[in-house]
Amino acid sequence: VKTSKIKLFIIYLASNAATFLWFTFADKFNNFILLNKISKQAFIRYNSITMFIAAFSLIILFAKMNFKDGLLVKIIKVLSPAAFSVYLIHANLIV
């Protein structure tokens, strides 16, 4: 299935909007339908469906982009190992 870059970006924005709306209105929603089992943190965890959709759309979006050699490529090459190391530190339970 071919998807355009704009559609992927819209999917990313919609996923983030859903996360924001859930986090903002979760307490009112839970009181309205009398379900206190639904956590306010449900859609902002790393394993939530909205985070998965946002991450997947960004990965596909950047995989479709073509960068020519230049300043942006040099910046990406310098920062990408640092971003992965920050992820490893955050994912570690001991740190």
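J.: Tell me what's going on with the packing of aromatic side chains, and back it up with residues and numbers.
T.: Where two aromatic rings form a pair, the distance of their centres and the angle of their planes describe that pair. Tallied over the entire structure, the rule returns three aromatic pairs. With 6.0 Å between their ring centres and 20 degrees between their planes, F52 and F56 make a pair best called stacked. Taken together, the positions of F52 and F56, both in helix α2 (residues 49–64) and four residues apart, correspond to about one turn of that helix. On the basis of relative accessibility, which here comes to 49%, the residue F56 falls in the partly exposed class.

J.: Describe in detail the environment of V73, supporting the description with residues and values.
T.: Among the structural elements, V73 can be located in helix α3 (residues 71–91). Those residues within four positions of V73 in sequence are excluded, and the remaining contacts are F67 and K68.

J.: Which residues make up the environment of A55, and what are the values?
T.: Assignment of secondary structure puts A55 in helix α2. For the pair formed by A55 and S15, sequence separation is 40 residues and the distance between their alpha carbons is 9.5 Å.

J.: Summarise the side chain of S48; cite the residues concerned and give the values.
T.: Position of S48 relative to the elements: it lies in the loop between α1 (5–33) and α2. Engagement of the side chain of S48 in a polar contact is seen with the side chain of T50, the distance being 3.3 Å.

J.: Kindly report on a nonpolar patch on the surface, identifying the contributing residues and their values.
T.: A cluster of nonpolar side chains, contributed by I11, I49, F52, I53 and F56, occupies part of the molecular surface with about 490 Å² of accessible area. Of all the elements, α2 adds the most residues to the nonpolar patch, at four residues.

J.: Any details on the confidence of the model for the chain? Residues and values, ideally.
T.: In the predicted model, the chain carries a mean pLDDT of 81, and the fraction of residues at 70 or more is 83%. No element of the chain has a lower mean pLDDT than α1, at 82, and none a higher one than α2, at 89.

Rules and cut-offs
- Residues numbered from 1 in each chain as written.
- Predicted model: local features only at pLDDT ≥ 70, side-chain atom pairs only at ≥ 80, totals over all residues.
- Heavy atoms only, no water.
- Phe/Tyr/Trp six-rings, centres within 6.5 Å; stacked < 30°, edge-to-face > 60°.
- Helix = DSSP H or I, 4+ residues; strand = E, 2+ residues; numbered from the N terminus.
- Buried < 20%, exposed > 50% of the residue type's maximum accessible area, 1.4 Å probe, protein only.
- Contact = heavy atoms within 4.5 Å.
- Polar contact = N/O pair within 3.5 Å; in protein donor to acceptor, adjacent residues only side chain to side chain.
- Patch = residues over 30% accessible without salt bridge, like charges linked within 9 Å, V, L, I, M, F, W, Y side chains within 5 Å.
- Areas by Shrake-Rupley, 256 points an atom, 1.4 Å probe, with all protein chains shown as cover.
- Salt bridge = Lys/Arg side-chain N within 4 Å of Asp/Glu carboxyl O.
- pLDDT = per-residue confidence, 0-100.

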